[in-house]
Amino acid sequence: MSDKQEMIKKMIEMQKKFIAYEQEHGVSAQEYFAPEAGHALNNYRQEYNDLAIKLVDVAHEERGSHR
């Protein structure tokens, strides 16, 4: 499986976990944007954003385009 496919798979898994957490517990803006250390959402936004940026970079590289 390609790196691109692995990144997409990871992002979908992250989304599913987030949705399950949100449906069970609810998510406040505080929890989403500034979760405390050890919280289930700690680093979620940063990790997801990093994967999304890498995926965009790979797509541009494949097409020979620029951001």
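So, here is what we can say about the structure in this document. (Residues numbered from 1 in each chain as written. Predicted model: local features only at pLDDT ≥ 70, side-chain atom pairs only at ≥ 80, totals over all residues. Heavy atoms only, no water.)

**A closer look at the packing of helix H1 (residues 3–25) against helix H3 (residues 44–63)**
And step 1. At a closest axis distance of 10 Å, the pairing of H1 and H3 adopts a crossing angle of 150°. One way to sum up the angle between H1 and H3 is to call them roughly antiparallel. The handedness of the crossing between H1 and H3 comes out as left-handed. Residues Lys 4, Met 7, Ile 8, Lys 10, Met 11, Met 14, Gln 15 and Phe 18 of H1 touch H3, and the partners they reach there are Tyr 44, Glu 47, Tyr 48, Leu 51, Ala 52, Lys 54, Leu 55, Val 58 and Glu 62.
And step 2. Looking at the contact of H1 with H3 residue by residue, the classes come out as 11 nonpolar, one polar and five charged. (Axes fitted to C-alpha atoms, helices over the stretch in contact; angles between N-to-C directions. Helix = DSSP H or I, 4+ residues; strand = E, 2+ residues; numbered from the N terminus. Parallel < 35°, antiparallel > 145°, perpendicular 65-115°, else oblique. Left-handed = near helix turned anticlockwise from the far one by under 90°. Contact = heavy atoms within 4.5 Å. Nonpolar A, V, L, I, M, F, W, Y, C, P; charged D, E, K, R; others polar.)

**Some remarks on H1**
And step 1. For H1, built from 23 residues, the straight-helix expectation of 33 Å at 1.5 Å per residue is met to within 8% by its first-to-last C-alpha distance of 33 Å.
And step 2. Turning to H1, its buried residues number three or more, namely Met 7, Met 11, Met 14, Phe 18 and Tyr 21.
And step 3. Taken together, the buried residues of H1 touch helix H2 (29–33) and H3.
And step 4. Immediately beyond the C-terminal end of H1, within one or two residues, lies Gly 26, with a positive phi of roughly 75°. (Expected span 1.5 Å × (residues − 1). Buried < 20%, exposed > 50% of the residue type's maximum accessible area, 1.4 Å probe, protein only.)

**Quick look at H3**
And step 1. For H3, built from 20 residues, the straight-helix expectation of 28 Å at 1.5 Å per residue is met to within 8% by its first-to-last C-alpha distance of 29 Å.
And step 2. Those residues of H3 that sit buried are Tyr 44, Leu 51 and Leu 55. The buried residues of H3 occupy one face: seen down the axis, they fall within an arc of 45°.
And step 3. Contacts from the buried residues of H3 go to H1 and H2.
And step 4. Taken from the residues just after H3, Gly 64 is the one with a positive phi, measuring 70°. (Arc of directions from axis to C-beta.)

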